[in-house]
There are 2 protein chains.
Amino acid sequence: MAPGPRWKRAIENALAANEKSIVTQLASIDPTTPIPHVRSLIFRGFINPTTNPELPLLLFTTDSRTPKTSQIISNPHVQLAWWIEGAKEQYRVAGLATIIPAPTNSLYKHFLHSTQAGNSNGSMGILFKEGFDWEAKRQEVFKSMSPYMKASWCRPTPGSPLVGGEEEAKKWPLKLEEPNAEGEWSSEENKRLWETALSHFALLVVDPTDVDYLELGPVPDRRTRFWRNDKGSWDEEALVP
Amino acid sequence: MAPGPRWKRAIENALAANEKSIVTQLASIDPTTPIPHVRSLIFRGFINPTTNPELPLLLFTTDSRTPKTSQIISNPHVQLAWWIEGAKEQYRVAGLATIIPAPTNSLYKHFLHSTQAGNSNGSMGILFKEGFDWEAKRQEVFKSMSPYMKASWCRPTPGSPLVGGEEEAKKWPLKLEEPNAEGEWSSEENKRLWETALSHFALLVVDPTDVDYLELGPVPDRRTRFWRNDKGSWDEEALVP
């Protein structure tokens, strides 16, 4: 049996048969008003602490200039809803989110502080103790993005008014060029764009505490709640769907 | 041009080409803790006030015993995220939600009170002035559900522990039988199940105030914010995606 909690293996099985079903929805709360926010995010995989594979993190990416960054910094409680159509399964993952921005970003200090002061029972605490290199991970994930996705982090602040309209938007770079194998750039402008994008690029990880797993395939439907216990593993209970 | 706001026509166009993309995610806030909750909900259509088709409501269904009911009664602010894969479009709809339970339900008084005292600028206020018959709508929508869906509202409280395990769950009715054309039941038990389901069945409507429309099809991407103005129509602005 593969390591990790049962809900994680269920997600992996569902994704193996439905590999395009990586669109999830992340809910967070606005810090100034009691208003919920929710948006689609692409699931980028799990991060597994070496010393406890029972506590995987869920990995996503974002632009550190988006409102969800300040929402999560003010209130790290989030919930994900993930409907995998082909499997007829829904996963609702509640947990604490962390934004991992560029070290040059003013929010980086907050990341360091919250990680060091954070919940040592969870994956983030374990990864901190293991000396996990978050900046290396951030760079690795950025490099794995498509040239088109990379270019999206060069734009003006997401959600700000489109000054100059569509004509202005047409001037945005469509895709970013990588340095060659020797790390050289074809132009100074390409280097500048890459560095701009990388400075805005952030990881968003969710350290799960509660997973509600709904299976609409079986008759009757099946629903299971998993919650992280104090021993660094998971308890589960069957619920009425 | 069909009546209604531009964002509504965009949803209708996207659904016309992707008719199975009716799974949305609704975020709400837990009344006792500042924790967001989000779950998948099937979009059941728009309700259009006769006197102002510019202000459509979004219609969903639920079980009045689910936690979202008490969450919405405590804090009606919700947001929907709706990713329509085939259209490469995301709609984020913020607004005020209302739960419309059975008149026999203890929450019904709250519904009446909130509707009468409600925001008269929005669709709910307009429909109240028009004398909209919510109980007739609730019964109509219930009847339109499949026999299998109808049976789901006969189960023990959703999310409660599954007492008796899967053996007990196998005793739940799989589908409900309708009365015949004369309104007669094939058995007293079938009548009782129908009435039980109908007593738990509730409408959930979202009266939108803000719509964030993201189009990932065009190059470059396009993002538009719509917000309801004081004149009972919509303003819009192009945003950076």
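Treat the numbers as computed from the prediction; the structure is a model and nothing was measured.

Okay, the overall build of chain A next. Looking only at helices and strands, chain A features eight helices and nine strands. In terms of C-alpha radius of gyration, chain A reaches 19 Å, essentially the compact-globule figure of 18 Å for 241 residues. Oriented by its inertia axes, the alpha-carbon framework of chain A measures out at about 60 × 45 × 40 Å. Here chain A holds 241 residues, and 52% of them are scored as buried. Long-range pairs, those at least 24 residues apart, make up 61% of the contacts in chain A between residues at least 6 apart in sequence. For chain A, the exposed area adds up to about 11100 Å²; of that, 53% sits on carbon and sulfur atoms. Of note, chain A has its 27 positive side-chain charges centred 2 Å away from the centre of its 30 negative side-chain charges.

Here we come to the pairing of strand S6 (residues 89-100) of chain A. Judged by how many residues are buried, S6(A) sits mostly within the fold: eleven of twelve residues are covered. In textbook terms, the turn of a hairpin is the stretch between consecutive antiparallel strands, and for strand S5 (residues 77-84) of chain A and S6(A) this stretch comprises four residues, one of which, A:Lys88, has a positive phi near 55°.

Our focus in this paragraph is the interface of chain B and chain A. Accessible area lost upon the coming together of the parts is a frequently used measure of interface size. In this assembly, 45 residues from chain B lie in contact with 45 residues from chain A. On the chain B side of the contact with chain A, B:Pro36, B:Val38 and B:Val240 bury the most area, a combined 17% of that side's loss. Between the two partners, chain B and chain A, sit four salt bridges. One salt bridge in this structure joins A:Asp221 and B:Arg155, with 3.1 Å as the shortest N-O distance. Counting the contacts that link chain B with chain A gives 18 residue pairs in polar contact (both at pLDDT 80 or more). Going through the elements one at a time, strand S1 (23-29), strand S2 (36-42), strand S5 (77-84), strand S6 (89-100), helix H7 (165-169), strand S8 (222-228) and strand S9 (234-239) of chain B are the ones with two or more residues in the side of chain B that touches chain A. Here the side of chain B that touches chain A gets six residues from one element, more than from any other, and that element is S5(B).

UniProt marks residues 6-100 of chain A with the feature "domain: Pyridoxamine 5'-phosphate oxidase Alr4036 family FMN-binding" (unreviewed entry), using the numbering shown here. The straight-line gap between the two end C-alpha atoms of residues 6-100 of chain A is 27 Å; of that span, 21% is helix and 46% is strand.

Attention now goes to the pattern of salt bridges. As enumerated under the stated definition, the model contains 30 salt bridges over all chains in all. Here A:Glu168 makes a salt bridge to A:Lys171, at a shortest N to O gap of 3.3 Å. Under the relative-accessibility criterion, A:Lys171 is labelled exposed at 61%. With a shortest N-O distance of 3.4 Å, B:Glu140 and B:Lys137 are connected by a salt bridge. Here B:Lys137 and B:Glu140 lie together in helix H5 (residues 134-144), a separation of three residues that amounts to about one turn. Residue class for B:Lys137 comes out buried when judged on its relative accessible area of 17%. Overlapping salt bridges, with partners in common, bring together A:Glu166, B:Glu215 and B:Arg222 in one network.

Okay, the relation of the copies chain B and chain A next. With an RMSD of 0.0 Å, chain B superimposes on chain A once it is rotated by 180° and translated 0.0 Å along the axis. In symmetry terms, the pair is related by a two-fold rotation axis. Interface overlap between copies is the fraction of interface residues in one copy that are interface residues in the other; for chain B against chain A it reaches 100%, indicating a shared surface.

With that out of the way, let us pick up the packing of aromatic side chains. All told, the structure shown has 28 aromatic pairs over all chains when counted by the stated rule. An angle of 75° between the planes, with centres 5.3 Å apart, marks the rings of B:Trp7 and B:Trp234 as edge-to-face. Of the two residues, B:Trp7 is situated in helix H1 (residues 6-17) and B:Trp234 in strand S9; the sequence distance between them amounts to 227 residues. Look at B:Trp234 and you get buried, because its relative accessible area is 13%. An aromatic cluster of three or more residues is present, and its members are A:Trp7, A:Phe43, A:Phe46, A:Phe60, A:Trp82, A:Tyr91, A:Tyr213 and A:Trp234. The side chain of A:Lys8 reaches across the aromatic face of A:Phe46, ending 5.1 Å from its centre. Above the plane of the ring of B:Phe142 lies B:Lys150, whose end atom (NZ or CZ) is 5.9 Å from the centre.

Here is what the cut-offs are and how they apply
- Residues numbered from 1 in each chain as written.
- Chains lettered and ligands numbered in written order.
- Predicted model: local features only at pLDDT ≥ 70, side-chain atom pairs only at ≥ 80, totals over all residues.
- Heavy atoms only, no water.
- Helix = DSSP H or I, 4+ residues; strand = E, 2+ residues; numbered from the N terminus.
- Rg over C-alpha atoms; globule rule 2.2 N^0.38 Å.
- Buried < 20%, exposed > 50% of the residue type's maximum accessible area, 1.4 Å probe, protein only.
- Contact = heavy atoms within 4.5 Å.
- Areas by Shrake-Rupley, 256 points an atom, 1.4 Å probe, with all protein chains shown as cover.
- Lys, Arg positive; Asp, Glu negative; His and termini not counted.
- Charge placed at Lys NZ, Arg CZ, Asp CG, Glu CD.
- Pairing = 2+ DSSP bridges.
- Buried area = accessible area lost by both parts, 1.4 Å probe.
- Salt bridge = Lys/Arg side-chain N within 4 Å of Asp/Glu carboxyl O.
- Polar contact = N/O pair within 3.5 Å; in protein donor to acceptor, adjacent residues only side chain to side chain.
- UniProt positions renumbered as here; feature names shortened; annotations may be inferred.
- Least-squares fit on C-alpha atoms with pLDDT ≥ 70 in both.
- Phe/Tyr/Trp six-rings, centres within 6.5 Å; stacked < 30°, edge-to-face > 60°.
- Lys NZ or Arg CZ within 6 Å of the ring centre and 35° of its normal.

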